[in-house]
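One letter stands for each residue in the lines below.
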Amino acid sequence: MSIQAHKRTKKVHKNIKLNIKRRTIIVDDKLIFHKKVPIPSWVELSIIDVCNRSCIFCPKSKPEIAPDTYQRMKMPLINKLTKDLKDIGFKGSVTLCGYGEPLLHKEIFKISKKLAEAAFVEIVTNGDVLTKKTISNLYNSNVNKLLISMYDGPEQIEKFKKMTKDSGVPSDFVILRDRWYDEKKDYGIKLTNRTGTIDIGKQDQVNNFTYCYYPSYSVLIDWDGNFYLCPQDWQRRISMGNIMQSSFFEIWTDKIITKYRKNLLEGNRCDNPCKSCNAEGTVLGKQHAKAWENILNIIKQK
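I will try to describe carefully the structure that is included in this document.

The rules behind each value
- Residues numbered from 1 in each chain as written.
- Predicted model: local features only at pLDDT ≥ 70, side-chain atom pairs only at ≥ 80, totals over all residues.
- Heavy atoms only, no water.
- Helix = DSSP H or I, 4+ residues; strand = E, 2+ residues; numbered from the N terminus.
- Contact = heavy atoms within 4.5 Å.
- Areas by Shrake-Rupley, 256 points an atom, 1.4 Å probe, with all protein chains shown as cover.
- Axes fitted to C-alpha atoms, helices over the stretch in contact; angles between N-to-C directions.
- Parallel < 35°, antiparallel > 145°, perpendicular 65-115°, else oblique.
- Left-handed = near helix turned anticlockwise from the far one by under 90°.
- Nonpolar A, V, L, I, M, F, W, Y, C, P; charged D, E, K, R; others polar.
- Core = buried A, V, L, I, M, F, W, Y, C linked by side-chain atoms within 4.5 Å.
- Buried < 20%, exposed > 50% of the residue type's maximum accessible area, 1.4 Å probe, protein only.
- Expected span 1.5 Å × (residues − 1).
- Arc of directions from axis to C-beta.
- Phe/Tyr/Trp six-rings, centres within 6.5 Å; stacked < 30°, edge-to-face > 60°.
- Lys NZ or Arg CZ within 6 Å of the ring centre and 35° of its normal.

Secondary structure assignment for the protein yields nine helices and 10 strands. Across the protein, the fraction of contacts at a sequence separation of at least 24, relative to all contacts at a separation of at least 6, is 75%. Entry remark: accessible area of the protein is about 14,300 Å², with carbon and sulfur atoms responsible for 51%.

Moving on: the packing of helix H2 (residues 75–87) against helix H3 (residues 108–115). Closest axis-to-axis distance for the H2/H3 pair is 9 Å, and the angle between their directions is 15 degrees. Judged by the angle between their axes, H2 and H3 are roughly parallel. With respect to the hand of their crossing, H2 and H3 are arranged in right-handed fashion. Across the interface between the two elements, Met75, Ile78, Asn79, Leu81 and Thr82 from H2 touch Lys110, Ile111, Lys114 and Leu115 from H3. Its residues assigned to classes, the contact of H2 with H3 shows five nonpolar, two polar and two charged.

What follows covers the nonpolar core. Counting 68 residues, the largest nonpolar core has Leu45 and Phe248 as its most contacted members. Here this core takes five residues from H2, the largest share from any one element.

Before going further, it helps to examine helix H5 (residues 155–167). The end-to-end C-alpha distance of H5 is 19 Å, a good match for the 18 Å that 13 residues give at a rise of 1.5 Å each. All of the buried residues along H5 are Gln156, Phe160, Met163, Thr164 and Ser167. The buried residues of H5 all sit within an arc of 100 degrees when viewed along its axis, so they share a single face. Exposed side chains of H5 directed beyond 90 degrees from the buried face belong to Glu155, Glu158, Lys162 and Lys165. Packing partners of the buried residues in H5 comprise helix H4 (132–140), strand S6 (145–150) and strand S7 (174–178). Phi for glycine 168, located one or two positions after H5, is positive at around 85 degrees.

All chains considered together, the criterion is met by five aromatic pairs. Arranged with centres 5.2 Å apart and planes meeting at 85 degrees, the rings of tyrosine 139 and phenylalanine 173 form a pair that is edge-to-face. Remark: phenylalanine 173 occurs in the loop between H5 and S7 and tyrosine 139 occurs in helix H4; sequence separation between them is 34 residues. On the accessibility criterion, tyrosine 139 (35% relative accessible area) is partly exposed. For the cation-ring pair, arginine 236 lies above tyrosine 99, with the distance from its terminal atom to the ring centre recorded as 3.9 Å.

Following this line, the structure appears as structure tokens:
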């Protein structure tokens, strides 16, 4: 089966295309190897497990699935991760988002400054707790980009533009993302079922996409150091390891994640949580996928 056998059946909203274009530059700009192994270029950190919003398209709207536990990532873990990333020559992005609102973490400035020693740091926020002083402090903490998802309406644009200007930071430090749309426009996001967790809106069928590059170029690390395949796994079904017990590179090259990576590069979503996922997993990471196909001796059928 060729990779073109399954294609999306829905148009991608304009603002989603812009976000994909921005991320493509980060993910695919340069492929970095360590010990002849391609390392990821996108690491998501879930530094706190609580959100002040309950969006209908997000698993956080269902406490029985994704309850607010108020657990938060501690600095020893941040220090360990930063060292591990330095050790492998990481050149990609560390994005603070994950399963909660990162700006609710009381050590957000300290965390950002430490991570910036090893990575391009991005923060994704709903902007509810933002002030001009917070924006300024994030900039001075060496954050590279602050992405504000606006859920309430277009009136938020001027609010955040003024806040950014008053903070004194460069205007391109902040990216405003319109997310106030209804079901007809997929709520302004790239709507997925979050591995069988959310069933809302008009979504692609689970078997519509079979190949997936997520484990070839990215990972998600939870507040406790657990290492997950990708940000789609909101039920945290399968941990690949823990960053406090093993090095980042050891987990990245371990037989568990390698098994998933190989299956997905062969177009085989046979394992949990992948077999419940409807995400289009080949949008980003093409260079990483090709490098892993060579290492794992994967030959695609034409």
